[in-house]
Amino acid sequence: MSSHGEHTDFAPIPLKLAEQAQGAAVAVVSTKQNLLDLDREGMEKFFVETLGEQKFRAHQVMKWIHHRYVTDFEQMTDLGKNLRAKLQEHAEVVVPNVVFDKPSADGTHKWLLGMGVDGKNAVETVYIPDKGRGTLCVSSQVGCGLNCSFCSTATQGFNRNLTTAEIIGQVWITARHLGNVPAQIRRLTNVVMMGMGEPLLNFDNVVRAMNIMRDDLGYGLASKRVTLSTSGLVPMIDRLSTETDVALAISLHAPNDELRGQLIPLNRKYPVAELMASCVRYLRANKKRDSVTFEYTLMKGVNDQPEHARQLAQLMRKFDNAAQLKNAGKVNLIPFNPFPGTGYERSPEEDIRAFQKLLLDSGVLTMVRRTRGDDIDAACGQLKGQVMDRTRRQAEFKRKLQARGVGDAAA
Ligand code: SAH
């Protein structure tokens, strides 16, 4: 793996995490409350405490925003003139702006959405229609600070956390485009927090946005249809279990600490055994949840050998035993999606099948996630957005590419 020599020289993690956890807030120019930032609880509080109105008014406004995509208070015709004036004075509904959107040949659709007052940043959101379901892949941060060696978002560096409005705004923009009407015209049936960023490092805003996704006054999705994917922040997984019962997906990608530490630097802080134990606790805390999904990106010659499949099967068996549930761990195999400048390659089809078969033969539920939207760079790990990088990682990545003789165009 000589071409991956850079995997070992990551900056120390604790400091980076601390920086991110403080969540570089956006400088808000407007003094008005953006109603897209509020879930039901926040809306009720705002209506009662700031506007001196009754709670049900908050519910009416939520429906205007999330069911009918109306942002202009004047068009909210079941509100009195007086309330409309108050709203005008104290509130606004600011949605992300569409920098561009692009359909893929296979029906996948990608949006580049401009975010907030620092308009130069943009994140990507992807809609993936499939038999009877429509899944939206939502971003949680501008860039990502975790620096996983096989992910294109990592090459962009990190800028800041997205606000709740910017997270739910991705759902709002795409749902409106799709003509989605919650509980009636269901074009958007699932959300996965699998876009750019590490959702658990933007905990409060992500939880609030997921509340709106799951609320009947919002997008009305059942908890099991909202999935949070994490690279494994153990304490935050525990915290998540106390606040919400969404589905949990873990980016595992390797069955042992040595290999996982090379792919995901965060593993050095939270090793596999601790991560698996936190998943057991997550299931225990959520009686309705009966499984955790483990994502495993298959990279040629790196983590796709029969010995890796055997170790993974063993890990899953141990997990089932600890959770005292059959098939508590489900494996989602993702063929690696290449991006400019990466040294990794996708595993050959026969190795992917053999890997899956070995797991299935050991009784582990294992799916292969078909690659979607790769013609528009919308597949897993290909999302880049526009990140005003504050970590200088883009510069490092460009330097490495140049040292390897990969031209500027690739960066
Ligand atoms: N930070 C969170 C959310 C991102 S999810 C997490 O790590 O879970 C994006 C998923 O795509 C993760 O499972 C990630 O590991 C996977 N992925 C990243 N780069 C990829 C690539 N080049 N090919 C295939 N999958 C990739």
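- Per an unreviewed UniProt entry, the protein chain carries the name Dual-specificity RNA methyltransferase RlmN and comes from Pseudoxanthomonas helianthi.
- The record in UniProt for the protein chain states the following under Sequence similarities (unreviewed entry): "Belongs to the radical SAM superfamily. RlmN family."
- UniProt's Subcellular location (unreviewed entry) comment on the protein chain is quoted here verbatim: "Cytoplasm".

## Some details on the overall build of the protein chain
Right, so step 1: Of the regular secondary structure elements, the protein chain holds 12 helices and 14 strands.
Right, so step 2: Counting all 411 residues of the protein chain, 45% fall into the buried class.
Right, so step 3: Across the protein chain, every contact between residues at least 6 apart in sequence was considered, and the portion connecting residues at least 24 apart equals 69%.

## Describing the domain arrangement of the protein chain
Right, so step 1: The domain boundaries assigned to the protein chain delineate domain 1 (15-27 + 95-410) and domain 2 (33-92).
Right, so step 2: Each partner contributes to the interface: domain 1 provides 17 residues, whereas domain 2 provides 12 residues.
Right, so step 3: It is helix H5 (residues 164-178) that provides the largest number of residues to the side of domain 1 that touches domain 2, a total of six residues.
Right, so step 4: Class assignment of the residues belonging to the side of domain 1 that touches domain 2 gives a composition of nine nonpolar, five polar and three charged.

## A look at the nonpolar core
Right, so step 1: Among the nonpolar cores identified, the biggest contains 102 residues, and Val171, Met213 and Cys279 are the most heavily contacted of them.
Right, so step 2: In terms of residue count, the dominant contributor to this core is helix H10 (residues 306-323) (seven residues).
Right, so step 3: Each of domain 1 (15-27 + 95-410) and domain 2 (33-92) gives at least three residues to this core.
Right, so step 4: Every residue in contact with Cys279, bar those within four places of it in the chain, is listed here: Leu248, Ile250, Val292 and Phe319.

## A closer look at the site of the ligand
Right, so step 1: Lining the immediate surroundings of the ligand are 17 residues, of which Cys151, Ser229, Ser251, Cys380 and Gly381 lie closest.
Right, so step 2: Listing elements by their share of the shell around the ligand, those giving two or more residues are strand E10 (226-230) and strand E12 (292-298).
Right, so step 3: Residues belonging to the shell around the ligand are distributed by class as follows: six nonpolar, nine polar and two charged.

## Regarding unusual backbone geometry
Right, so step 1: Its identity is not glycine, yet Tyr69 carries a phi of approximately 60°, on the positive side.
Right, so step 2: With respect to the helices and strands, Tyr69 occurs in the loop between helix H3 (55-66) and helix H4 (81-90).
Right, so step 3: Judged by local crowding, Tyr69 falls into the partly exposed class, with 17 C-beta atoms found within 10 Å.
Right, so step 4: Look at Gln324: it is not a glycine, yet its phi comes out positive at around 55°.
Right, so step 5: Looking at the element boundaries, Gln324 is found in the loop between H10 and strand E13 (329-335).

## Regarding the sheet that holds E12
Right, so step 1: With mixed pairing, the 10 strands of this open sheet are ordered in space as E3-E4-E5-E6-E9-E10-E11-E12-E13-E14. Strands with a single pairing partner mark the edges of an open sheet, and in this sheet they are strand E3 (97-103) and strand E14 (366-368). With strand direction ignored, the average angle separating the axes of adjacent strands in the sheet is 20°.
Right, so step 2: Against the sheet, H5 makes contact with E3, strand E4 (109-114), strand E5 (122-130), strand E6 (133-137) and strand E9 (190-193), and its axis sits at roughly 130° relative to E4, the strand it touches most.

## Topic: the UniProt feature "binding site: [4Fe-4S] cluster" (unreviewed entry) in the protein chain
Right, so step 1: Residues annotated by UniProt as "binding site: [4Fe-4S] cluster" (unreviewed entry) correspond here to Cys144, Cys148 and Cys151.
Right, so step 2: Residue position: Cys144 is located in the loop between strand E7 (141-143) and strand E8 (158-161).
Right, so step 3: Cys144 gets classed as buried once you count the C-beta atoms within 10 Å, which come to 30.
Right, so step 4: Other than its neighbours up to four places away in sequence, Cys144 contacts Thr153, Ala154, Phe158, Met196, Gly197 and Glu198.
Right, so step 5: Tracing the backbone shows Cys151 in the loop between E7 and E8.

## Topic: the UniProt feature "binding site: S-adenosyl-L-methionine" (unreviewed entry) in the protein chain
Right, so step 1: UniProt marks Gly197, Glu198, Ser229, Ser251, Leu252, His253 and Asn337 with the feature "binding site: S-adenosyl-L-methionine" (unreviewed entry), using the numbering shown here.
Right, so step 2: By the element assignment, Glu198 lies in the loop between E9 and helix H6 (203-214).
Right, so step 3: Assessed through the 27 C-beta atoms surrounding it within 10 Å, Glu198 is described here as buried.
Right, so step 4: Residues within four places of Glu198 in sequence aside, it is in contact with Ser140, Gln141, Cys144, Leu146, Thr230 and Ser231.
Right, so step 5: On the secondary structure map, His253 appears in the loop between strand E11 (247-251) and helix H8 (257-263).
Right, so step 6: A tally of 27 C-beta atoms within 10 Å means that His253 is categorised as buried.
Right, so step 7: The residues touching His253, leaving out its near neighbours within four places in the chain, are Arg260, Leu263, Ile264, Tyr296, Thr297 and Asn303.

## As for H6
Right, so step 1: Over its 12 residues, H6 extends 16 Å from the first C-alpha to the last, a length consistent with the 16 Å expected when each residue adds 1.5 Å.
Right, so step 2: Of all 12 residues in H6, nine are buried, a share of seventy percent or more.

## A closer look at the packing of helix H7 (residues 234-243) against helix H9 (residues 272-285)
Right, so step 1: Between H7 and H9, whose axes approach to 9 Å, the crossing angle comes to 0°. Our classification of the angle between H7 and H9 gives roughly parallel. For the pair formed by H7 and H9, the contact residues are Val234, Ile237, Asp238, Ser241 and Thr242 on the first element and Glu274, Leu275, Ser278, Arg281, Tyr282 and Ala285 on the second.
Right, so step 2: For the contact of H7 with H9, a count of residues per class yields five nonpolar, three polar and three charged.

The rules behind each value
Throughout this document, residue positions are counted from 1 along each chain, in the order its sequence is written. At least 70 in pLDDT is required for a residue's local features to be given in this predicted model, at least 80 for side-chain atom pairs to be given and counted, and no such filter applies to totals for whole chains, interfaces and linings, which use all residues. UniProt positions are given in the numbering used here, feature names are shortened, and annotations may be inferred rather than shown by experiment. Secondary structure elements follow DSSP: runs of H or I no shorter than four residues count as helices, runs of E no shorter than two count as strands, and numbering proceeds from the N terminus. Each residue is classed by its C-beta neighbour count within 10 Å, where at least 20 other C-beta atoms makes it buried, 12 or fewer makes it exposed, and intermediate counts make it partly exposed; the C-beta atoms are placed from backbone geometry. It is the C-beta atoms, placed from the backbone, that decide contacts: two residues are in contact if theirs lie within 7 Å. Note that the domain bounds were set by an automatic or database domain assignment. Classification used: nonpolar for Ala, Val, Leu, Ile, Met, Phe, Trp, Tyr, Cys and Pro, charged for Asp, Glu, Lys and Arg, polar for all others including Gly. We define a nonpolar core as a collection of buried residues of the types Ala, Val, Leu, Ile, Met, Phe, Trp, Tyr and Cys that are connected via C-beta atoms lying within 7 Å of each other. A residue counts as near a molecule or strand when its C-beta atom, positioned from the backbone, falls within 6 Å of it. Two strands pair if DSSP finds at least two bridges between them. For helices, the fitted line uses only the C-alpha atoms of the stretch in contact; every axis is such a line through C-alpha atoms, and the angle between N-to-C directions lies from 0 to 180 degrees. A helix is expected to span 1.5 Å multiplied by its residue count minus one. We call two directions roughly parallel when the angle between them is under 35 degrees, roughly antiparallel when it is over 145, roughly perpendicular when it lies between 65 and 115, and oblique otherwise.

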